[in-house]
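Chains, contacts and geometry: an overview
Single-letter residue listing:
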Amino acid sequence: MTTAPILAHRMSRIKPSATMAISAKAERLRAAGKNIINLSIGEPDFDTPDHIKKAAIAAIEAGYTKYTAVEGITPLKQAIVDKLARENHLIYQDNQVIVSCGAKHSLYNLFSALLNDGDEVIIPAPYWTSYPDMVLLTDGKPVIVETHLPQKFKMTPQQLEKVITPKTKLLILNSPSNPTGMAYTSSELAALGEVLLAHSNVMIASDDIYEHQLWHTPPFVSIVNACPALYDRTIVINGISKTYAMTGWRIGYAAGPKLIIDAMKKAQSQSTSSPNSIAQYAAVAALTGDQTCVRDMTVAYRARHDYLIGELQKISGIQCFPSDGTFYTFPAICGLYNHEKGITNDLTLADYLLDKAEIAVVPGSAFGAQHHIRLCYTTSMENLVEAVARLKRLF
Ligand code: PMP
Ligand code: GLU
């Protein structure tokens with residue numbers, strides 16, 4: 001083989017997704033006979049509701065097994081338009097919507113459509129692990145804004161103002177947040193909106209994928225609800241993975257200005273052609289069917305949150321606060337360093353937990369915040385009780 005570099009330069013800019021890699025490692029250990037409790041991957045443990053599965057089976061039997069329109073089937077786009085109006089008070093035409101292979105692919109399409117070489121993308125940290133890498137893969141430059149526990153991991157308007165430059169193209173907001181579980185209030189979003197209104201070069205990606213995993217009422221607000229003047233500069237990203245326990249069906253969507261959605265369609269037409277036809281019919285059933293399943297799952301996540309945070313707070317060395325939603329908690333763990341020789345950071349602690357307690361977690365560094373770990377409570381209460389017992393034995 002030639003000694004010249006074979007791979008494209010862009011591959012050296014990025015790393016594999018930490019959440020996917022750690023979960024795969026946990027599954028390998030489990031297959032090898034270890035009693036692993038996997039608190040790493042953000043994937044609902046519930047089964048996809050029956051009425052949604054039945055819609056998929058009906059789609060197969062009806063022969064809906066061919067390519068679809070690039071941007072998705074008309075009934076699904078309509079269901080998304082209706083959902084955004086009904087639940088989010090956001091009005092879109094169906095030509096302002098694109099369905100993709102998961103919200104992850106919607107984001108990737110968006111970055112491909114928007115970013116020129118070196119365009120800056122503001123990403124508040126802790127962030128979902130894939131944002132910076134996807135930005136790098138599409139030639140953008142991530143600009144990370146660090147936030148900390150005392151500010152509930154929420155970016156302030158002053159922090160935002162400070163990092164905006166003439167090269168800023170996009171801001172990514174994710175509320176409630178993966179990995180912190182914290183959600184911006186309407187007034188906090190309005191204050192960020194004030195800053196953004198003064199900088200017309202900045203577009204906003206509002207990643208609303210955890211909108212339903214929220215404990216308090218009134219429910220979810222996005223930046224466009226808080227600051228309607230940003231409607232023309234915002235691309236709403238959402239999907240069915242988390243809300244309907246459908247991670248493997250790979251359906252997500254984006255809604256926003258037609259010019260941008262058209263460019264995303266162009267990118268999609270040259271990559272995946274269309275999302276999976278059968279999953280699209282299942283997504284129609286998810287969005288238009290009975291929503292009791294969504295409420296039931298959120299009630300279960302909330303009970304797990306209350307239990308887990310309560311117990312973590314009792315372990316000396318772990319600093320953990322209740323969150324607003326999602327199914328993640330993001331405690332600070334520097335108090336556990338040097339518990340045993342060699343535990344000096346979040347990476348070595350995560351390894352130690354996997355080795356000694358057989359608990360898989362994701363180190364905070366993967367989310368741009370070392371000295372933390374992310375625990376995902378998409379597992380049964382029995383498993384959480386066992387995980388807590390193992391942690392208490394260990395520390
Ligand atoms: N955004 C955030 C914040 C996420 O945590 C995830 C996790 N999967 C996604 C987007 C992508 O979800 P999906 O591709 O399964 O729709
Ligand atoms: N978003 C989930 C997580 O953070 C799923 C895996 C992924 O695509 O990152 O664990």
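To keep things clear, this report deals only with the structure shown in the data block. (Residues numbered from 1 in each chain as written. Chains lettered and ligands numbered in written order. Predicted model: local features only at pLDDT ≥ 70, side-chain atom pairs only at ≥ 80, totals over all residues. Heavy atoms only, no water.)

**Things to note about the pattern of salt bridges**
As a reminder of what qualifies: When a carboxyl oxygen of Asp or Glu is within 4 Å of a side-chain nitrogen of Lys or Arg, the pair counts as a salt bridge. Throughout this description, buried means an accessible area under 20% of the type-specific maximum (1.4 Å probe, protein chains only), exposed means over 50%, and partly exposed covers the range between.
For the structure on display, the rule yields 21 salt bridges. When the shortest N-O distance is used, the salt bridge between Lys53 and Asp47 registers 2.7 Å. With a relative accessible area of 27%, Lys53 lands in the partly exposed category. A residue is classified by how much of its surface remains accessible, and Asp47, at 55% relative accessible area, is exposed. Lys356 is the salt-bridge partner of Asp355, the closest N and O atoms lying 3.7 Å from each other. We classify Lys356 as partly exposed; its relative accessible area is 48%.

**A short note on the environment of Asn174**
Counted only if it meets this: Helix numbering and strand numbering both begin at the N terminus, where a helix is a DSSP run of H or I of at least 4 residues and a strand a DSSP run of E of at least 2. By the convention used here, residues are in contact when the closest approach between their heavy atoms is within 4.5 Å. Contacts described as polar in this section are N or O atom pairs within 3.5 Å, which, within protein, must combine one atom able to donate a hydrogen with one able to accept it, while residues neighboring in sequence count only if both atoms come from side chains.
By secondary structure assignment, the location of Asn174 is in strand β5 (residues 168-174). Put simply, Asn174 and Ala357 are 183 residues apart on the chain and 31 Å apart in space, counted from C-alpha to C-alpha. With sequence-adjacent residues up to four places away left out, Asn174 is seen in contact with Tyr131, Asp207 and Tyr210. Of the polar contacts made by the side chain of Asn174, one reaches the backbone oxygen of Pro176; its length is 3.4 Å.

**As for the packing of aromatic side chains**
Keep this limit in mind: What counts as a ring pair is set by centres within 6.5 Å for rings of Phe, Tyr and Trp (its six-membered ring), and what kind of pair is set by the plane angle: stacked under 30 degrees, edge-to-face over 60, tilted for all other angles.
Summed over the entire model, instances satisfying the criterion amount to 11 aromatic pairs. Ring geometry for Tyr301 versus Phe327: centroids 5.0 Å apart, planes at 65°, classification edge-to-face. Of this pair, Tyr301 sits in helix α12 (residues 292-312) while Phe327 sits in the loop between α12 and β9 (328-329); the two residues are 26 residues apart in sequence, bridging distant segments of the chain. For the ring pair Phe327 and Tyr328, a centre distance of 5.1 Å and an interplane angle of 65° mean the geometry is edge-to-face. Given a relative accessible area of 0%, Phe327 falls into the buried group. In this structure an aromatic cluster arises from ring pairing among Phe46, Tyr210, Tyr301, Phe327 and Tyr328.

**Brief notes about the site of ligand 1**
Stated precisely, the cut-off is as follows: Nearness of a residue to a molecule or strand requires only that one of the residue's heavy atoms be within 4 Å of it. In short, Shrake-Rupley with a 1.4 Å probe defines the accessible areas, and a residue's cover is counted only from the protein chains shown.
In the vicinity of ligand 1 there are 13 residues, among which Ala103, Asn178, Asp207, Tyr210 and Ser241 approach most closely. Backbone polar atom of Ala103 to an oxygen atom of ligand 1: 2.7 Å apart, as the coordinates give it. In this structure, an oxygen atom belonging to ligand 1 sits 3.0 Å away from a main-chain N or O atom of Lys104. In isolation ligand 1 has 390 Å² of accessible area, and contact with the protein removes 93% of it.

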